[in-house]
Amino acid sequence: MRASLIVVLAVFTACALACSAKITPQTVLLPATSEHAALEIQYAEYGRRSGPLILALHGFTDSWYSFELLMQQYHSAHIVAMTLPCYGTSTKDATVAADVDKMGRVVMQFIDKMRLGAIDVVMGHSMSTVLATRLAQLHPDVFGGVVLMGSFAYMNEDLKGAFNAIAADVVAQNLGDDGHFGHDYCWTWQTGTTNMELVPEWFLEGCTQQAMMVPGKCWLAGVQYLTTVNITDILPLVTRPVLIVYGDGDFIAPANGGIETMFEGLPNMNIVKLHGLGHAPHWEAPDEVAFAVDQFVDTVEHWEDEA
């Protein structure tokens, strides 16, 4: 019986690793602008190209890989997951990564370079929830709807203190511009806000490896971005529908007074709360997130015709 169980577990592990190999990241070179030198941007695609187009933007220290479990839920939609500057194998430009509007202009440059055209849904996790919201506010002709996961519109003083402690760790460990945190630090960081029982260990290890690729200057840039951004004032200007998916165990939203309070300025907000999940619902329950997103996409898929 025990031998059979070991065989089953081995097959399951092999299958998981094989499934993860289905998605192969690629790179595209964005030309230099007045704000940045040429940028090499990592990205991955999955799904049916003729289906609804979803642009996925990851959270702090993550990359396109953050969306791998979710991407594999899709066959009828076309998902493009972009690795933002400073993360994954994308160019480590800390000046861009510290500013939400500079980051937004790089995303628009990526869309143009890739000839993606109109995006049915822009999806943001954690750090990129503010980025996705800002993009939809500035470019309602490009984005049909917005999906936010692990969302926040601002950080209160307690959360700012927690992230400033990361900046202090960068200094304390003498990482400088190009040094990297070790495995233990990054594993604790990646698993600390997640219901680990729901996430495959091989995937969490992959996320840890992604965080280990982030140099000190980019950790500092991310902390600056996260602790200074506040999009409360622009929420009433977001005319596109917004779906907020969050776990009831997410520590960020309650610390800021709750999702409904934080995003009450949005004129067209839909909320899906998932029980037992933390800050990364697309890691913990990708099937449930995909179902919620599918239903939302159906409502915005033909937005260009209605505009």
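Residues numbered from 1 in each chain as written. Predicted model: local features only at pLDDT ≥ 70, side-chain atom pairs only at ≥ 80, totals over all residues. Heavy atoms only, no water.

(A) Spotlight on the overall build of the chain. Across its full length, the chain holds 14 helices and 8 strands. In the chain, once contacts between residues fewer than 6 apart in sequence are set aside, the share between residues at least 24 apart is 78%. Split by element, the accessible area of the chain, about 13,000 Å² in all, is 54% carbon and sulfur. (Helix = DSSP H or I, 4+ residues; strand = E, 2+ residues; numbered from the N terminus. Contact = heavy atoms within 4.5 Å. Areas by Shrake-Rupley, 256 points an atom, 1.4 Å probe, with all protein chains shown as cover.)

(B) Molecular detail of the environment of T239. Note on placement: T239 falls in the loop between α9 (216-228) and β7 (242-247). On the accessibility criterion, T239 (54% relative accessible area) is exposed. Placed 29 residues apart in sequence, T239 and N268 show a C-alpha to C-alpha distance of 7.3 Å. (Buried < 20%, exposed > 50% of the residue type's maximum accessible area, 1.4 Å probe, protein only.)

(C) Structural view of the state of the cysteines. Applying the stated criterion to the full structure yields 1 disulfide. Put simply, C86 and C218 are joined by a disulfide, and their sulfur atoms are 2.0 Å apart. Its S-S torsion of about -70° marks the bond between C86 and C218 as left-handed, since a negative value means left-handed. With C86 in the loop between β4 (78-82) and α3 (94-97) and C218 in helix α9, this pair connects stretches of sequence that are 132 residues apart. A residue is classified by how much of its surface remains accessible, and C86, at 0% relative accessible area, is buried. (Disulfide = S-S within 2.5 Å.)

(D) Local environment of the sheet that holds strand β6 (residues 143-149). A sheet is described by the order of its strands in space; here 8 strands give the open sequence β1-β2-β4-β3-β5-β6-β7-β8, paired in mixed fashion. Single-partner strands in this sheet number two, and they are β1 (26-30) and β8 (269-274). Strand-to-strand twist across the sheet, computed as the mean angle between neighbouring axes with direction ignored, equals 25°. In the packing of helix α4 (residues 100-114) onto the sheet, contacts are made with β1, β2 (39-47), β3 (53-57), β4, β5 (119-125) and β6, and the angle to β1 comes to roughly 105°. Against the sheet, helix α13 (residues 286-300) touches β3, β5, β6, β7 and β8, its axis set at about 160° to β6. (Pairing = 2+ DSSP bridges. Axes fitted to C-alpha atoms, helices over the stretch in contact; angles between N-to-C directions.)

(E) Representation of the side chain of H282 in the model. By the element assignment, H282 lies in helix α12 (residues 281-284). Relative accessible area serves as the criterion here: at 0%, H282 is assigned to the buried category. A distance of 3.1 Å separates the side chain of H282 from the side chain of S66, its partner in a polar contact. Polar side-chain contacts of H282 include one of 3.3 Å to the side chain of W283. Beyond its immediate stretch of four places on either side in the chain, H282 contacts S66, F67, L69, L70, H125, M149 and V289. (Polar contact = N/O pair within 3.5 Å; in protein donor to acceptor, adjacent residues only side chain to side chain.)

(F) Spatial organisation of the nonpolar core. With 71 residues, the main nonpolar core has L55 and F110 as its most contacted residues. When residues in this core are grouped by element, the largest group, 8 residues, is from α4. Setting aside residues no more than four positions away along its own chain, F110 makes contact with V28, L30, I41, Y43, L55, V80, M82 and L116. Counting 37 residues, the second largest nonpolar core, distinct from the first, contains I23, W64, A81 and V300. (Core = buried A, V, L, I, M, F, W, Y, C linked by side-chain atoms within 4.5 Å.)

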